[in-house]
Amino acid sequence: MPGLGVQDRWNRNHPVTVILSMHKLSGWDDTIVALATPPGIGAIGVLRLSGREAISIANRLFPAKDLMAQASHTLHVGFLRHNGVMLDEVVISLFHGPKSYTGENIIEISCHGSPYIHQQVLDACISEGARLAKPGEFTQRAFLNGKMDLAQAEAVADIISSNTEASLRTALNTMRGGFSARLKELREQLIKFSALIELELDFAQEDVEFADRTAFYTLIAQLKESTGQLLTSFQLGNVIKNGVSVAIIGKPNAGKSTLLNVLLNENRAIVSDIPGTTRDTIEEVLNIDGILFRLIDTAGIRQHSSDLIENAGMERSKEKMKEADLVVFLFDAADPIDEILAMKTEIDEAGLKYLLVANKLDSYDGSMDKFKDLPPITFISAKNNQQIRELKDAMTAAVLEGQINTESTVVTNARHYHALKEADLSLNEIRAGLDNGLPGDLLALDIRRCLHYLSEITGDISNEDTLDYIFSKFCIGK
Ligand SMILES: Nc1nc2c(ncn2[C@@H]2O[C@H](COP(=O)(O)OP(=O)(O)OP(=O)(O)O)[C@@H](O)[C@H]2O)c(=O)[nH]1
Ligand SMILES: [Mg+2]
């Protein structure tokens, strides 16, 4: 195909789904309005308008100045009036598309923070022709106008809901395009190859090979390494986004509730020297070094009890133990070693990730020798707040397992994870195809499938239903 570059050939053969024009037909550039700040009383409340008529609608409510004649990225102070009634004194921020969040004309009205005023201004905008925005519709428009790709748009929702430093950092990295850049790199390399293979198809009679198969093997290996890294990062991503559930498990009186209290630095759970004090589970969240832990104090587990309530509590402890991301197995350092081993075996058999923690170090005067066959143990005194920092470090280390660097690309989104998994499977198919000397046209099919999944993540290929679903998870006004 003389004169056509590799990328051009690809573009010609694979036009990207034209979502933009589809939405244009359904009138998506009408003007939307919503309260962008949380509802309720506050110092100020911000309403946002976006769309073709955003500026003219605001202009009709703002007699002080002709907003239609103002430059982009400017602020204007004055009174809002509607039907002859003064609504509020406000500050208007004005942005001309495409240099705005949505890529359209945007007006932001900062009013005083009274819900009554917000409602009045909202009503006024609607009666002048705006429509109430759906959840996430501003960001959806930003995506449709090419201001960001789908992965970046989804990260905006994650930023809003992030509650720890680590979750914010990874979401920011995705929004700034870190993840998208990684994907783009993968796609481009594959597209290049695919185009070469398809070029061979054009010259099928002449039996030529434009795509060097050895180089292709190397490329597939590199791509597999990248998808593999991204897929493993999902475990960490999940932890960062949703927190880690930690069940504190052990015999009655081991000091579980005391440990919960010392970790939280408050007297949350009742502590007593009567075994069986905790009857039901108690859950509290704790941020350790930017990671959210959901701590679960449980009823002590022992072999036999005739108390119905205690038995029900023990059942619940075991359920919580099995559901937890991490188990803190707490025992009294003075407990007989065979009892410790029996419980450890039970946790091992359940295939759980756990930490061994020996409590009551302050009153233990036995030998350390009895622990010599066990994996590393953290010794603490919950009551005297000793070695608690070490335990916290062990908890974060167990979760991160060396993947501490949240600056690197981390997959936090289940949709991305599943698409990556499919892309990874297609890479396996491609490799098997190469092994078996599969003809170019069949190889090209597998490559296209892989590209399809990679493109799904960034939204280069998507359908309206998926988009509506994704953006419906946002809050209104974003
Ligand atoms: N000496 C000493 N006593 C402790 C320590 N931690 C807890 N205790 C005591 O051990 C007893 C039991 O503590 P809890 O925290 O109620 O124990 P638990 O594991 O929650 O017990 P259950 O709720 O019955 O399962 C209390 O008298 C605590 O004061 C410790 O580090 N050193
Ligand atoms: Mg307790």
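Above this text is the structure in question.
Our subject in this report is the structure included herewith.

The rules behind the values
- Residues numbered from 1 in each chain as written.
- Chains lettered and ligands numbered in written order.
- Predicted model: local features only at pLDDT ≥ 70, side-chain atom pairs only at ≥ 80, totals over all residues.
- Heavy atoms only, no water.
- Helix = DSSP H or I, 4+ residues; strand = E, 2+ residues; numbered from the N terminus.
- Buried < 20%, exposed > 50% of the residue type's maximum accessible area, 1.4 Å probe, protein only.
- Contact = heavy atoms within 4.5 Å.
- Areas by Shrake-Rupley, 256 points an atom, 1.4 Å probe, with all protein chains shown as cover.
- Axes fitted to C-alpha atoms, helices over the stretch in contact; angles between N-to-C directions.
- Parallel < 35°, antiparallel > 145°, perpendicular 65-115°, else oblique.
- Left-handed = near helix turned anticlockwise from the far one by under 90°.
- Nonpolar A, V, L, I, M, F, W, Y, C, P; charged D, E, K, R; others polar.
- Pairing = 2+ DSSP bridges.
- Right-handed = clockwise from strand over helix to strand, strands pointing away.
- Near = heavy atom within 4 Å.
- Polar contact = N/O pair within 3.5 Å; in protein donor to acceptor, adjacent residues only side chain to side chain.
- 1 Å grid on protein atoms, 1.4 Å probe; cavity = no way out; pocket = protein on both sides within 12 Å on 5 of 7 lines; lining within 4 Å.
- Sits in = over half its atoms within 2 Å of the grid points.
- Core = buried A, V, L, I, M, F, W, Y, C linked by side-chain atoms within 4.5 Å.
- Phe/Tyr/Trp six-rings, centres within 6.5 Å; stacked < 30°, edge-to-face > 60°.
- Lys NZ or Arg CZ within 6 Å of the ring centre and 35° of its normal.

1. Comments concerning the overall build of the chain
Consideration 1: Looking only at helices and strands, the chain features 16 helices and 12 strands.
Consideration 2: Counting every position in the chain, which comprises 478 residues, the buried fraction comes to 49%.
Consideration 3: Pairs at least 24 apart in sequence give 65% of the contacts found in the chain among residues at least 6 apart.
Consideration 4: A total accessible area of about 23100 Å² is found for the chain, and carbon and sulfur atoms account for 53% of it.

2. Considering the packing of helix α8 (residues 178-202) against helix α15 (residues 440-458)
Consideration 1: Between α8 and α15, the shortest axis-to-axis distance is 9 Å and the interhelical angle comes to 160 degrees. By the angle between their axes, α8 is roughly antiparallel relative to α15. Remark: the crossing between α8 and α15 carries left-handed chirality. Contacts between α8 and α15 pair F179, S180, L183, L186, R187, L190, I191, S194, I197, E198 and L201 from the former with G440, D441, L443, A444, I447, R448, C450, L451, L454, S455, I457 and T458 from the latter.
Consideration 2: Residues belonging to the contact of α8 with α15 are distributed by class as follows: 14 nonpolar, 5 polar and 4 charged.

3. Points about the side chain of D332
Consideration 1: Along the chain, D332 falls in strand β10 (residues 326-332).
Consideration 2: Accessibility expressed as a relative area gives 18% for D332, which makes it buried.
Consideration 3: The residues contacting D332, other than those within four sequence positions of it, are A254, N359 and K360.

4. Here we look at the pairing of β10
Consideration 1: Burial of β10 is extensive: 7 of the 7 residues sit out of reach of the surface.
Consideration 2: Every second residue of β10 is oriented toward a common face, with L326, V328, L330 and D332 on one face and V327, F329 and F331 on the other, all of them buried.
Consideration 3: Of the strand pairs in this sheet, strand β7 (residues 244-249) and β10 are connected by 4 bridges, and their pairing is parallel. Pairing of I248 across the sheet is with V328, part of β10.
Consideration 4: For β10 and strand β11 (residues 354-359), the ladder comprises 6 bridges, and the chain directions are parallel. In the sheet register, V328 faces β11, and the bridge partner there is L355.
Consideration 5: Regarding topology, helix α12 (residues 337-349) serves as the crossover connection from β10 to the parallel β11, and that connection is right-handed.

5. Here's the deal with the site of ligand 1
Consideration 1: K256, T258, G276, T278 and D362 are the nearest of the 24 residues found near ligand 1.
Consideration 2: Taking T277, its main chain carries an N or O atom lying 2.8 Å from an oxygen atom of ligand 1.
Consideration 3: Between N359 and ligand 1, the recorded distance is 3.1 Å, taken from a side-chain N or O atom to an oxygen atom.
Consideration 4: A total of 650 Å² of accessible area belongs to ligand 1 in isolation, and the protein chains cover 90% of it.
Consideration 5: Cavity membership is defined here by more than half of the atoms lying within 2 Å of grid points; on that basis ligand 1 lies in the largest pocket.
Consideration 6: Broken down by element, the residue count for the shell around ligand 1 peaks at 3 residues, all from helix α10 (residues 256-264).
Consideration 7: Partitioning the shell around ligand 1 into residue classes produces 6 nonpolar, 12 polar and 6 charged.

6. Some thoughts on the nonpolar core
Consideration 1: Core analysis: the largest hydrophobic core is formed by 35 residues, its most contacted members being L259, F293, L295, L355 and M395.
Consideration 2: Of all the secondary-structure elements, those providing two or more residues to this core are α9 (213-242), β7, α10, β8 (282-288), β9 (291-297), β10, β11 and α13 (388-400).
Consideration 3: In terms of residue count, α13 provides more of this core than any other element does, 7 residues in total.
Consideration 4: Not counting residues up to four positions away in its chain, the partners in contact with F293 are V244, V246, E284, V285, L286, I288, M395, T396 and V399.
Consideration 5: Of all hydrophobic cores here, the second largest spans 31 residues; its members include L223, V411, L434 and L451.

7. Digging into the packing of aromatic side chains
Consideration 1: Considering all chains together, one arrives at 6 aromatic pairs under this definition.
Consideration 2: Taken together, the aromatic side chains of F329, F331, Y364, F371 and F379 make up a single cluster linked through ring pairs.
Consideration 3: Above the plane of the ring of F138 lies R48, whose end atom (NZ or CZ) is 5.2 Å from the centre.

8. Digging into the sheet that holds strand β3 (residues 74-82)
Consideration 1: What the 6 strands build is an open sheet, ordered β3-β4-β5-β2-β1-β6; its pairing is mixed. In the strand order of this sheet, the two ends are held by β3 and β6 (131-132), each with one partner.
Consideration 2: Both β3 and strand β4 (residues 85-95) contribute to a ladder of 9 bridges, which runs antiparallel. When the bridges of β4 are listed, H82 appears paired with V85.
Consideration 3: Along the sheet, helix α4 (residues 115-127) contacts β1 (32-35), β2 (44-50), β3, β4, β5 (106-112) and β6; its crossing angle with β5, the most-contacted strand, is approximately 150 degrees.

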